[in-house]
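Residues per chain, in single letters:
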Amino acid sequence: MGTQESYEQARGTGRRALLGAAVLGAGGAVLGLPGAAHADADADARHRGGGLKSLPVPTVIGHRGASGYRPEHTFGSYELALDLGADIVEAGDLVPTKDGHLVCRHEPEIGGTTDVADHPEFAGRRTTKVLDGVSTTGWFTEDFTLAELKTLRAVERIPAVRRHNTLYDGRWEIPTFEEVLRWQDEQTRRRGRQVWIYPETKHPTYFRKLGLGLEERLARILRRHGKDGKDSPVIIQSFEPSSIQRLNGLVGNPLVVLLSSANSRPWDFVEAGDPRTVADLITPKGLRQIASYAQGIGPTLDLVIPRDAQGNLTEPSTLVADAHAAGLVLHPYTMRNENTFLPVDFRRGTDPTAYGDVFGAFRTYFATGIDGVFTDNADTGLLAREDFLRGRGVNT
């Protein structure tokens, strides 16, 4: 698992054809300036009929909002991602409360992303649990009611890397997914363009064993808001293939299987005794199987271009071509500006928190033919996309 993945750990066929057509046919609707880019994208969407075909390619996805600049999974982060020009906002990573509400936190353990440790009334809630095989100590959303969680405020998850983000600690509360859907509608009206979101089911096997199944809750909420169809501006993702398979029977939304390092096993596979690893899933056969119930994959960038023992990029794998051959789109994760997250050959200087040659890294990944990318810095991604398309001679 690469450096950025280590950081992460520390803390339908018809729909597939539609999504494939979108990424093959939308490449010209991109401009460097966010407002102009989306104005052109909206005009092009009307010409092509809207829906997924309205998304520019490569698509710039705001990872947990604009988490390079604000504490992640807050409305401050989500709204800034839109201001910076993100095509889609990853809002949010979905975990349940004790009373069954879905809220947006990167993990169910919230000691590192909220001020819960500063609340003496919750000191007794601190506990140790085994989360997907890993002993984890802290405070967990499933031990709090929604009303209790609403008394907390979000803080920066990696303050050692993003000290400037701590300026905003305590400003925003934890959003519910219902609030996110209402926010999506409000932002769509206010901005005059369709706002897209990209929620994820987090640790679904873990929560199902607790009687807090995520998929049915998510499907009910989407149906209630009229956003459970194939043309709905909500793409759903999960690291557990069985969660996506379950959702495939519940909603019509585009679905994406997330993929970690090649030697890892999805936790639902571990629980079910399935010996396959991610390496098995990214073979042509494995990708065809994914394509039978999902429309895309979200691989770690190291599966697109592996790194050598020193952390430098090597030659691209065949994953992009193989996934496209299976009719799948690829939205890899995660591009970040700081040296600590970049391949060694794109770092600049010795300060791990300083920005490296992120434009060079974007250009290298875009050249593989990926259909989009998750990034903490949507503004950087938009400029990199403009550079890349102009370099290819695309009229922007």
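See the structure above.
Residues numbered from 1 in each chain as written. Predicted model: local features only at pLDDT ≥ 70, side-chain atom pairs only at ≥ 80, totals over all residues. Heavy atoms only, no water.

Caption draft 1: Region of the structure containing the overall build of the chain. Secondary structure summary: the chain contains 16 helices and 13 strands in total. Burial statistics for the chain: of 396 residues in total, 59% are counted as buried. Here the chain has roughly 14800 Å² of accessible surface; of this, 52% comes from carbon and sulfur atoms. (Helix = DSSP H or I, 4+ residues; strand = E, 2+ residues; numbered from the N terminus. Buried < 20%, exposed > 50% of the residue type's maximum accessible area, 1.4 Å probe, protein only. Areas by Shrake-Rupley, 256 points an atom, 1.4 Å probe, with all protein chains shown as cover.)

Caption draft 2: How the structure looks around the nonpolar core. Counting residues in each nonpolar core, the largest one holds 85 residues, and the members touching the most others are Phe177, Ile297 and Met335. Setting aside its immediate chain neighbours within four residues, Ile297 contacts Val256, Val257, Leu259, Leu287, Ile290, Leu319, Ala323, Leu328, Val329, Leu330 and His331. Membership of the second largest hydrophobic core comes to 9 residues, among which are Ile88, Tyr198, Ile235 and Phe374. (Core = buried A, V, L, I, M, F, W, Y, C linked by side-chain atoms within 4.5 Å. Contact = heavy atoms within 4.5 Å.)

Caption draft 3: Structural detail: the pattern of salt bridges. Tallied over the full model, the rule gives 28 salt bridges. For Glu271, the salt bridge goes to Lys209, with nearest N and O atoms at 3.4 Å. Here Glu271, found in helix α10 (residues 267–272), pairs with Lys209, found in helix α7 (residues 204–209); they are 62 residues apart in sequence, far enough to count as distant. For Glu271, a relative accessible area of 38% translates into the label partly exposed. (Salt bridge = Lys/Arg side-chain N within 4 Å of Asp/Glu carboxyl O.)

Caption draft 4: Examining the packing of helix α15 (residues 358–366) against helix α16 (residues 378–391) more closely. Relative to each other, α15 and α16 sit at 60 degrees, their axes nearing to 9 Å. Compared by their axis directions, α15 and α16 come out oblique. As α15 runs across α16, the sense of the crossing is right-handed. In this structure, α15 contributes Val358, Phe359, Phe362, Arg363 and Phe366 to the contact, and α16 contributes Thr380, Gly381, Leu383, Ala384, Arg385, Asp387 and Phe388. Here the residues of the contact of α15 with α16 are counted per class, giving 7 nonpolar, 2 polar and 3 charged. (Axes fitted to C-alpha atoms, helices over the stretch in contact; angles between N-to-C directions. Parallel < 35°, antiparallel > 145°, perpendicular 65-115°, else oblique. Left-handed = near helix turned anticlockwise from the far one by under 90°. Nonpolar A, V, L, I, M, F, W, Y, C, P; charged D, E, K, R; others polar.)

Caption draft 5: A look at the pairing of strand β1 (residues 59–62). Residues Thr59 and Ile61 line one face of β1 and the alternating positions Val60 and Gly62 line the opposite face, and both faces are buried. Where β1 lies against strand β13 (residues 372–375), 4 bridges are found, and the strand directions are parallel. Across the sheet, the residue bridging to Val60 is Val373, located in β13. Two strands pair when backbone bridges link them, and β1 and strand β2 (residues 88–89) are joined in this way by 2 bridges, in the parallel orientation. Note that in β2 the partner of Ile61 across the bridge is Ile88. (Pairing = 2+ DSSP bridges.)

Caption draft 6: Layout of the sheet that holds strand β7 (residues 196–197). The 4 strands are arranged β7-β2-β1-β13 in an open sheet whose pairing can be described as parallel. Every other strand in the sheet has two partners, leaving β7 and β13 as the edge strands with one partner each.

Caption draft 7: Local environment of the side chain of Asp115. By secondary structure assignment, the location of Asp115 is in the loop between β4 (102–104) and β5 (127–131). Dropping the residues within four chain positions of it, Asp115 is found in contact with Leu152, Arg153 and Val155.

Caption draft 8: Broad picture of the packing of helix α8 (residues 214–224) against helix α9 (residues 241–248). Look at α8 against α9: their axes get within 10 Å of each other, and the N-to-C directions meet at 40 degrees. By the angle between their directions, the pair α8 and α9 is classed as oblique. Crossing angle aside, the handedness with which α8 passes α9 is right-handed. Contact residues: Glu215, Glu216 and Leu218 in α8; Ser243, Arg246 and Leu247 in α9. Looking at the contact of α8 with α9, its residues break down into 2 nonpolar, 1 polar and 3 charged.

Caption draft 9: Broad picture of the sheet that holds strand β10 (residues 255–259). A sheet is described by the order of its strands in space; here 7 strands give the open sequence β4-β3-β8-β9-β10-β11-β12, paired in mixed fashion. Each edge of the open sheet is held by one strand with a lone partner, namely β4 and β12 (329–330). The pairing of strand β8 (residues 200–201) with strand β9 (residues 236–238) spans 2 bridges and is classified as parallel. Bridge pairing links Glu200 to Gln237 in β9.

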